[in-house]
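# Commentary on secondary and tertiary structure
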Amino acid sequence: MVHAEYDIQKGAYNSAGEASADIKRKLQQLGISPVTLRRVAVSSYEMEMNIIIHSLGGTMGLCVDKDWITLSSKDQGPGIEDVELAMSEGYSTADDDARSMGFGAGMGLPNMKRNADDFRITSQLGEGTQITITFKVM
Amino acid sequence: MTIKEIANCLDARVLCGEDRLDQSVTSACCSDLMSDALAFIHENAALLTGITNPHVVRTAGILDLKCIIFVRGKVPPDEVLEMAREQGLVTMTVNKTMFTCAGLLYDNGLRGAPMGWPCREEAVS
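Fair warning: this is a prediction, and the values are worked out from it, not measured in the lab.

## Examining the interface of chain B and chain A
Taken together, the contact between chain B and chain A spans 21 residues of the former and 23 residues of the latter. Elements represented by at least two residues in the side of chain B that touches chain A include exactly helix H2 (34–40), helix H3 (54–63) and helix H6 (118–124) of chain B. Class assignment for the residues of the side of chain B that touches chain A results in ten nonpolar, four polar and seven charged.

Right under this line is the structure:
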């Protein structure tokens, strides 16, 4: 069983990707298959970038047991007004800073969902967003 | 197609990873949007991009890419190249547009990855 938690700051582009790289390293050390590793790595990077780009800051967690890998995020707001719209491929509210660095394609949430075996999102405007995604260990 | 063949085809200047040019890539992807790259690019691929910031190298690391081709004559800052070296990536710069680069590579047999969402379907099939 492996647990890890990462603090992710709003707008922390300089350190963006470090949490995901650490998650990938941990899973490689556990001998997770390359196909599963790639799905988790892509999802964790999208999750991390979402917190940096869209939230006021938050945390990201990794939990690995014998059969499942779980990634979770919890941020401090501002919450998503229309989750269904936010799940649409190509829809993005990323600002110019994020776009200038190559983000804001509107693929983050859909990419997480399509890579995961289970994807859950809850969001309350003014409070924050929580995402939990799970992957079956193969 | 080997990375060396790609460099020759594009008349590229290799920026780092000169000792890894004999590696093969199986597809290529053109994108300035890293989220699109994360969604659609396959492993063992080359990424053609006009973005030169550290996120390109981080994205390549997440995706286990072999090679980044900076188009439109762009050269990333030294710290970005150092990150690429540490990750064992080959990087090169080409003084051509992305469209021209893609056309030359396609003409020489390299193809894009199949569209769709490959990761999950491949994993569960």
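## Here's the deal with unusual backbone geometry
The amide bond that connects A:Gly77 to the next residue, A:Pro78, takes the cis arrangement and shows omega of 10°. For A:Pro78, the position within the fold is in the loop between strand E3 (68–75) and helix H3 (83–86). Even without glycine at this site, B:Asp11 takes up a positive phi of about 55°. Structurally, B:Asp11 can be placed in the loop between helix H1 (3–10) and strand E1 (13–16). C-beta crowding within 10 Å serves as the criterion here: with 10 such atoms nearby, B:Asp11 is assigned to the exposed category. For B:Asp64, which is not glycine, the phi torsion reads 55° and is therefore positive. Exposure remark for B:Asp64: the 16 C-beta atoms within 10 Å place this residue in the partly exposed category.

## Some remarks on the sheet that holds strand E2 (residues 27–30) of chain B
All names here are of chain B. With respect to topology, five strands assemble into an open sheet ordered E1-E5-E4-E3-E2, the strand pairing being mixed. One side of each edge strand has no neighbouring strand; the edge strands of this open sheet are E1 and E2. Neighbour-to-neighbour, the strand axes of this sheet turn through a mean angle of 25°, independent of strand direction. Across three bridges, E1 lies against strand E5 (residues 90–93) in antiparallel orientation. Along E5, the bridge assignment pairs Cys 16 with Thr 91. Across the sheet, H1 is in contact with E1, strand E3 (45–49), strand E4 (67–70) and E5; its angle to E4 comes to roughly 10°. Those strands touched by helix H4 (residues 78–86) are E1, E4 and E5, and its axis lies near 75° from that of E1.

## Considering the packing of H1(B) against helix H5 (residues 98–107) of chain B
Residue and element names in this part refer to chain B. Taken N-terminus to C-terminus, the directions of H1 and H5 make an angle of 125°; their axes are 10 Å apart at the nearest point. As summarised for this structure, H1 and H5 are arranged oblique, according to the angle between their axes. Where H1 crosses over H5, the handedness of that crossing is right-handed. Taken together, the residues of H5 that come into contact with H1 (itself represented by Ile 6, Cys 9 and Leu 10) are Cys 101, Leu 104 and Leu 105. Counted by class, the contact of H1 with H5 contains six nonpolar, no polar and no charged residues.

## Concerning the sheet that holds E3(A)
All names here are of chain A. In space, the five strands of this open sheet follow the order E1-E2-E3-E5-E4, with antiparallel pairing throughout. Each edge of the open sheet carries a strand with a single partner, namely strand E1 (2–8) and strand E4 (118–124). For this sheet, the mean angle separating the axes of adjacent strands, direction not counted, is 10°. Pairing between E4 and strand E5 (residues 128–136): seven bridges, direction antiparallel. Each residue of the ladder has a partner; that of Arg 120, found in E5, is Thr 132. The strands touched by helix H1 (residues 18–29) within the sheet are E1 and strand E2 (58–64), with E1 carrying the most contacts at an inclination of about 170°.

## Points about the pairing of E3(A)
All names here are of chain A. Here E3 shows one buried face, formed by Ile 69, Leu 71, Ser 73 and Asp 75, and one open face, formed by Trp 68, Thr 70, Ser 72 and Lys 74. Looking at chain direction, E2 and E3 are connected through seven bridges and run antiparallel. Opposite Thr 59, over in E3, you have Lys 74 as the bridge partner. Once E2 ends, the chain turns through three residues before running back antiparallel as E3. Bridging between E3 and E5 involves seven bridges; their strand directions are antiparallel. The residue bridging Ser 72 from the neighbouring strand is Thr 132, located in E5.

What counts, and at which threshold
- Residues numbered from 1 in each chain as written.
- Chains lettered and ligands numbered in written order.
- Predicted model: local features only at pLDDT ≥ 70, side-chain atom pairs only at ≥ 80, totals over all residues.
- Contact = placed C-beta atoms within 7 Å.
- Helix = DSSP H or I, 4+ residues; strand = E, 2+ residues; numbered from the N terminus.
- Nonpolar A, V, L, I, M, F, W, Y, C, P; charged D, E, K, R; others polar.
- Buried ≥ 20, exposed ≤ 12 C-beta atoms within 10 Å, placed from the backbone.
- Pairing = 2+ DSSP bridges.
- Axes fitted to C-alpha atoms, helices over the stretch in contact; angles between N-to-C directions.
- Parallel < 35°, antiparallel > 145°, perpendicular 65-115°, else oblique.
- Left-handed = near helix turned anticlockwise from the far one by under 90°.

Coordinates in, geometry out; function isn't part of it.
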